[in-house]
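Secondary and tertiary structure notes
One-letter residues, chain by chain:
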Amino acid sequence: MDWMKIMSAIFIVVMLVFLWPRAGQMLRESRKGSGSEWLVVVLLLLGVAGFVAFLMHGVSAKPI
Amino acid sequence: MSLENPTVTGRSESLLATNQLIRNTYLMLSLTLVWSAAMAGVAMWLNVPNMMSLVAMFGSMALIWFVLPRTANSSAGLLTVFAITGLMGLGLGPTINYYLHMEGGDQIVMTALGGTGAIFLALSAYALTTRRDFSFMGGFLMVGMIVVLLAMLGNLFFHLPALSMALSAAVILLMSGFILYDTSRMVNGGADNYLMMTVSLYLNIYNIFVSLLNLLGASRD
């Protein structure tokens, strides 16, 4: 395994160590969203996913 | 007798503070994006090696975790934000160089740039104009981030291209969620420091751009 992989792995582990307690705190303190609130989020993220798929199709399409 | 209604005065003061926070955050975000792009240009011109890019990422993360929280309320915070975004721009240089050397690389980079801008502007505009409260997403987004990081750690050893693409797609969706969450925190309270907000939004944009580059590069292959 090369140094880049080892450094990347260390970087990710350090991020996990820092984010873990914050995630627990945010899970405890976040208010619960209603069904309609989550529906709005899902629709917005579906829009983003569709847009990214459109960009990927545009880049992968071969010129005539 | 005072003609001022304390409730109305308090509300207009709070609205003024919110507008100022939003204005300062977006002004600072524009400046840091230009600065970061310039630093990426310098890194590309100097042909900075990949290892240097990882060192720059370590440096910027150390500044975000240890220095920014202590300096965010002082003028030193401004320098810290420019140091963070400059280092991240420097780290981005080798990645952009890699994609530019691919066939049709310039199209990939420009599409990723335009796509990132469009996603950010659309989601920010939605959160700002509707003034919806997305604070309920906080826990979900953090857990999602941890799951993605664990999967990234695993993929460092297994190196599955399909998993790499799935992770990039997941990061784009997570960061889109964070844009809604952060913008809503600015509008509805929960955030009062424009430097911290600038770095949060900058990280969202940065991660969307890098993941979009990865997805577009893979789809080109």
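Residues numbered from 1 in each chain as written. Chains lettered and ligands numbered in written order. Predicted model: local features only at pLDDT ≥ 70, side-chain atom pairs only at ≥ 80, totals over all residues. Heavy atoms only, no water.

Brief notes about the pattern of salt bridges
Following the criterion strictly, the structure yields three salt bridges over all chains and no others. One salt bridge in this structure joins R185 of chain B and D182 of chain B, with 3.7 Å as the shortest N-O distance. A residue pair is termed a helical-turn pair when its members lie 3 or 4 positions apart in one helix, as R185 of chain B and D182 of chain B do in helix α6 (residues 161-188) at three residues. D182 of chain B gets classed as buried once you look at its relative accessible area, which sits at 4%. Within the structure, one salt-bridge network assembled from shared partners comprises R31 and E37 of chain A together with D133 of chain B. (Salt bridge = Lys/Arg side-chain N within 4 Å of Asp/Glu carboxyl O. Helix = DSSP H or I, 4+ residues; strand = E, 2+ residues; numbered from the N terminus. Buried < 20%, exposed > 50% of the residue type's maximum accessible area, 1.4 Å probe, protein only.)

Observations regarding the interface of chain B and chain A
Taken residue by residue, the interface counts 47 residues in chain B and 41 residues in chain A. At the boundary of chain B and chain A, one finds one salt bridge. With its nearest N and O atoms 3.4 Å apart, the salt bridge here joins D133 of chain B to R31 of chain A. Of all the secondary-structure elements, those providing two or more residues to the side of chain B that touches chain A are α2 (50-71), α4 (105-130), α5 (138-158), α6 and α7 (194-220) of chain B. (Contact = heavy atoms within 4.5 Å.)

Quick word on the environment of L195 of chain B
Checked against the element boundaries, L195 of chain B lands in helix α7. When its relative accessible area of 2% is taken as the criterion, L195 of chain B is described as buried.

A short note on the domain arrangement of chain A
Considered domain by domain, chain A is made up of domain 1 (1-30) and domain 2 (32-64). Taken over C-alpha atoms, the centre of domain 1 of chain A sits 27 Å from the centre of domain 2 of chain A. (Domains from an automatic or database assignment.)

Some points on a nonpolar patch on the surface
Among the surface-exposed residues, W3 of chain A together with M51, M52 and V55 of chain B lie close enough to one another that they form a single nonpolar patch of about 410 Å² accessible area. Here the nonpolar patch gets three residues from one element, more than from any other, and that element is α2 of chain B. Within the secondary structure layout, M51 of chain B lies in helix α2. (Patch = residues over 30% accessible without salt bridge, like charges linked within 9 Å, V, L, I, M, F, W, Y side chains within 5 Å. Areas by Shrake-Rupley, 256 points an atom, 1.4 Å probe, with all protein chains shown as cover.)

Section: the packing of helix α2 (residues 35-60) of chain A against α6 of chain B
As a packed pair, α2 of chain A and α6 of chain B sit with axes 10 Å apart at the nearest point and diverge in direction by 135°. Taken as axis vectors, α2 of chain A and α6 of chain B run oblique relative to one another. Regarding α2 of chain A and α6 of chain B, the two cross each other, and that crossing is right-handed. Across the interface between the two elements, L44, L45, V48, A49, V52 and M56 of chain A from α2 of chain A touch M165, I172, L173, S176, G177 and L180 of chain B from α6 of chain B. Per-class residue counts for the contact of α2 of chain A with α6 of chain B are ten nonpolar, two polar and no charged. (Axes fitted to C-alpha atoms, helices over the stretch in contact; angles between N-to-C directions. Parallel < 35°, antiparallel > 145°, perpendicular 65-115°, else oblique. Left-handed = near helix turned anticlockwise from the far one by under 90°. Nonpolar A, V, L, I, M, F, W, Y, C, P; charged D, E, K, R; others polar.)

Observations regarding the side chain of N155 of chain B
Mapped onto the elements, N155 of chain B comes out in helix α5. Using a relative accessible area of 9% as the deciding quantity, one classes N155 of chain B as buried.

Considerations on the packing of α4 of chain B against α7 of chain B
Residue and element names in this part refer to chain B. Axis separation between α4 and α7 bottoms out at 9 Å; the angle between their running directions is 140°. Considered as vectors, α4 and α7 are oriented oblique to each other. At the point where α4 passes α7, the crossing takes the right-handed sense. When α4 is examined against α7, the residues Q107, I108, V109, T111, A112, L113, G115, T116, I119 and F120 are found in contact with a partner set consisting of L201, I205, I208, F209, L212, L213, L216, G217 and R220.

Side note on the nonpolar core
One finds V52 of chain A together with M88, F134 and L216 of chain B to be the most contacted residues of the largest nonpolar core, which totals 78 residues. In terms of residue count, the dominant contributor to this core is α7 of chain B (14 residues). In this view, L216 of chain B contacts L55, M56 and V59 of chain A together with I108, T111 and A112 of chain B; residues no more than four positions away in its chain are not counted. (Core = buried A, V, L, I, M, F, W, Y, C linked by side-chain atoms within 4.5 Å.)

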